[in-house]
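In case you want the letters, here they are:
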Amino acid sequence: MEPRVWREMGLTDEEYNRILELLGREPNILEVGIFAVMWSEHCSYKTSKPILKKFPTEGPQVLQGPGENAGIVDIGDNLAVVFKMESHNHPSAIEPYQGAATGVGGILRDIFTMGARPIAVLDALRFGPLEEEHNKYLLSGVVAGIGGYGNSIGIPTVGGDVYFHKSYSGNPLVNAMAVGLLRHENIAKGVAKGEGNPVMVIGARTGRDGIHGATFASVELSEESEAKRSAVQVGDPFMEKLLMEACLELIEADALVGIQDMGAAGLTSSAVEMAGRGNSGIELELSLVPRRETGMTPYEIMLSESQERMLVVPKAGREKEVEEVLNRWGLEAAVIGRVTNDGLLRVLEDGKLVAEIPVKALTEEAPVYYRPAAEPAYYQELKSKCFDSLELKGTAEEVFLALISNPTIASKEWIYRQYDHQVGTNTVVLPGGDAAVLRIRGTKKGIALTTDCNSRYVYLDPYLGGALAVVEAAQNIACVGAKPLAITDCLNFGNPEKPEIFWQFEQACAGVAEACRVLGTPVTGGNVSFYNETSGAAIYPTPMIGMVGLIEDLSQILGNTFRSEGEQIYLLGELEGELSGSEYLAQLENMEAGKLPELDLQEIKRRIDFLLELNKQGILLSAHDVSEGGLAVALAEMTVKYGATVNIKGSNQLKKLFGERLGRIIISISAQNAPKLEASAKDAGIPLVHLGESGGNTLKVMFNETCCLNVPLATYRPLFEQAIANRMNSKA
Amino acid sequence: MKIGIVRFPGSNCDIDCLEAWRVMGEEPKLIWHQETSVQGFDLIVLPGGFSYGDYLRTGAIARFSPIMNDVIRFAKEGGLVWGICNGFQILTECGLLPGALLRNAGLHFICSPQYLRVENNKLAFTNCYEQGQVIQIPISHGEGNYTIDDDGLKALQDNGQIVFRYVTPEGEASAEGNPNGSRDNIAGIVNKKGNVLGMMPHPERVVEEITGGVDGKGMFLSILKAWEGRV
């Protein structure tokens, strides 16, 4: 075989030699194609595996950790939450609408394949600056695609997060997280076992779309990527809605041994992974696969990534029942093979053998790379920069207005109003809260959901930045009154073959792992997306964290705005932030540098516990974490109906107003309960600062008794709310 | 009360409507679109969603579902029919209500809380509201821009067929209060006889405080009241 063949499919020469060894013969083209997708980074995690092993994955609440289609955590009452996050970055860069839409479709299938009814979607998005037309095109298309799919299938898109940074120009990040609910007895697995059991494909027909999508996701983007548009799949939310209802019906009827989504690498990966988990073999007859195009080769059928298909192994004798359920929903089901006990993936076309590969060669024997890591030159250099003597650029008021108009900080309403965030009528805290909250019907409980990652922190210090992403998620969960339970992650990085990138990956994962350990939120699964580079330049390392929390009693939900006059405003945590890595520094000084503040995870945990304990006593009126833009921006976010007057004392106005440091939460409480709060904080040894009180229609900040900021809500709310809309509507 | 909620393939507010009626103490039945009779029901709900994916035109294929023939007969005999969002689109497609729903003026899908003014409280659907009352009911649609010709509009106005208008928080039916470009700020209408109502906003989403308010409850209460009065 010409080396060109396997190289074009993304295999290295060493990997090809390994295939020769494993098979003991030369593979045919179909077999090379199967190896190429199964050994792609996307399917095999060959580079990330050794690092991911270090994540904490266990806890009493974890019913299913990594390795299945999605993770599962127990929420009591025989109920469990199923959740996972996945990237669809490369397809979205090439075809934003379909790329994002199929990202949603894919992650939803991962949820209902576990037997859970999806109840929410969140989207973590990263784009280049909206000053560039192409980024506006990408944002517009991605948002329309997420809405187009989620709205139609009828799963609410309840939250997520969005940042804008130049490192994402040309390589946007589209990470979709889906969450489902199930009863314990309905947990389904992606497994093929029981010799002779039939293997069926259900749902959509197979076409030529998305061939080598998994491989495509594992290479850097370039000018030529546009020409690979055929590798982007096309989604059909209507079909998926029908498929979802049919699958849930089959699982409820206990008709299946196993079920798996046909996502990346299509029939190949679903068959191989199911057989792998069941220690079985699988035999497929391709002439039985329902197709929507004629003349498809075995290669095309095996590698098609046509959407809205599932592979199921029914219990023997129940094929007819599967077919009937699918037909009632207007869909097809076809037996295309059977489970065997020889551990081989055997592919036939009209009875003729066209591929035969040991399943383990594709899974367990996939190469694992221990990539070299090297600290990048920028790291120490940027870390050595100090901004203690920096002076406020302009007046506090000018800076304040500039920051709240920054799309990363500003309201994301332009985006979320395009998503149906209420269908299902379970959404209690709508987009715009610190975390979304959904009620669990039939109980007093609710679940809180969020996605977070400040990639500038990760770039400046991958270890701390990784930990901070988890910290921010946990704080957001706690700020609505929920206890953090577990996370899923979506690890977006550049090309891991570069030692500097791999170092970022290794460090960030170590930070995530440590924070998860201390905060008691195990990793239940996730996804790795490497090669996020455009013409050689990598994105900022972005280990996106999706977290789930539990509220035992929905009457204890906390909002993040002041709801009356005279609420006493306090800050839990230090008054002063740092300028290192801050939004202020980036926007006003055009610098992204500095040493991040020290992080004491135990202390963060104590503060979160303290907050939750206060909330249990029912004395808190609101809570909001202080993140990008510092204290002044956090206060602006809380003053929607009522303004506030706060008094700050000390030195360095700039760092106090706009400095950043995680682990800080603003809370409000009635004047009557304030002494109780102060006493509790003192007892617990938690730093607590009285800031001022709510009321009026301005945000007024006194610094050492002198007014430094006094802006009417009517001035800054519109700037905050319209920042993204204004940019999207302006013509360059 | 015997309430039937039609389930088209792609309906996605069917269960929401069912749950909302349960909050009111009723137990509706789901009616699969391939059934052919709505005999015995007191109210038929056509719920929101994307019937048949809304691929050709919203509601354009659902109107050909087997069940729709009997829904039309039921409506013509005076039975109560309530179309919400996609249900409204289906009602205009099948001719039970005049006009049509175009893409939102801003071309984007909009999900947002929305103020409405009750323009006719004499109906089986609205008798628990005050005339002119301003209520908040969320909208969630890409194609809710109601349009109708001049004569048709005049007929709606003259006959009191406009049930809800989009308004500002202060109750003004101005351009500022109009989220999607609907003609005359129309958010919901009834047929001449007053037994078939179509509306874009989602009252079934606002029947419990925990999920955003109870302004929609009035419609459910009105229907129950009207039905009880008739028996």
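For the structure itself, look to the data block above.
Residues numbered from 1 in each chain as written. Chains lettered and ligands numbered in written order. Predicted model: local features only at pLDDT ≥ 70, side-chain atom pairs only at ≥ 80, totals over all residues. Heavy atoms only, no water.

Draft legend 1. Spatial organisation of the sheet that holds strand β5 (residues 157-164) of chain A. Residues and elements named next belong to chain A. Taken in spatial order, the six strands line up as β1-β2-β3-β6-β4-β5 in an open sheet, and their pairing is mixed. Of all the strands in the sheet, just β1 (62-64) and β5 have a single pairing partner and so form its edges. Pairwise comparison of adjacent strand axes, ignoring direction, gives a mean angle of 25° for this sheet. By the bridge criterion, nine bridges tie strand β3 (residues 79-87) to strand β6 (residues 173-183) in an arrangement that is antiparallel. Paired with K84 across the two strands is A178, which belongs to β6. This element, helix α7 (residues 96-112), spans β3, β4 (117-127) and β6 of the sheet and lies at about 25° to β6. (Pairing = 2+ DSSP bridges. Helix = DSSP H or I, 4+ residues; strand = E, 2+ residues; numbered from the N terminus. Axes fitted to C-alpha atoms, helices over the stretch in contact; angles between N-to-C directions. Contact = heavy atoms within 4.5 Å.)

Draft legend 2. A look at the pairing of strand β21 (residues 542-551) of chain A. Residues and elements named next belong to chain A. Across the 10 residues that make up β21, a large majority, 10, are buried. In β21, alternate side chains face the same way, and those of T542, M544, G546, V548 and L550 on one face and P543, I545, M547, G549 and I551 on the other are all buried. The pairing of strand β16 (residues 446-452) with β21 spans seven bridges and is antiparallel. Across the sheet, the residue bridging to G446 is I551, located in β21. As judged from the nine bridges shared by strand β17 (residues 483-492) and β21, these two strands associate in the antiparallel manner. Looking across to β21, one finds that K483 is bridged to L550. (Buried < 20%, exposed > 50% of the residue type's maximum accessible area, 1.4 Å probe, protein only.)

Draft legend 3. A look at the interface of chain A and chain B. Taken together, the contact pairs 28 residues of chain A with 25 residues of chain B. Both sides of the chain A and chain B interface together cover about 2300 Å² of buried area, and 55% of this is carbon and sulfur. It is F238(A), R417(A) and Q422(A) in chain A that bury the most area against chain B; as a group they hold 25% of the surface buried on that side. Here chain A is connected to chain B by three salt bridges. Ionic pairing is found between D420(A) and R205(B), a salt bridge with its closest N-O pair at 2.9 Å. Mapped onto the side of chain A that touches chain B, the elements with two or more residues apiece are α8 (133-153), α10 (237-252) and β14 (427-429) of chain A. Per element, the largest residue contribution to the side of chain A that touches chain B is five residues, and it comes from α10(A). (Buried area = accessible area lost by both parts, 1.4 Å probe. Salt bridge = Lys/Arg side-chain N within 4 Å of Asp/Glu carboxyl O.)

Draft legend 4. Spatial organisation of the nonpolar core. Residues and elements named next belong to chain A. If you look at the biggest cluster of nonpolar residues, it comprises 144 residues, and the most contacted ones within it are V179, F400, I447 and I667. Ranked by residue count, the leading element in this core is helix α20 (residues 499-519), at 12 residues. In this view, I447 contacts I75, V81, I119, V179, A436, V437, L438, I440, G549 and L550; residues no more than four positions away in its chain are not counted. (Core = buried A, V, L, I, M, F, W, Y, C linked by side-chain atoms within 4.5 Å.)

Draft legend 5. The packing of α8(A) against helix α26 (residues 713-729) of chain A, seen in detail. All names here are of chain A. Running from amino to carboxyl end, α8 crosses α26 at an angle of 115°, the nearest separation of the two axes being 10 Å. Our pair here, α8 against α26, has a crossing hand that is left-handed. Packed against α8, whose contacting residues are K136, L139 and S140, the element α26 presents I724, R727 and M728 at the interface. Among the residues making up the contact of α8 with α26, the classes are represented as three nonpolar, one polar and two charged. (Left-handed = near helix turned anticlockwise from the far one by under 90°. Nonpolar A, V, L, I, M, F, W, Y, C, P; charged D, E, K, R; others polar.)

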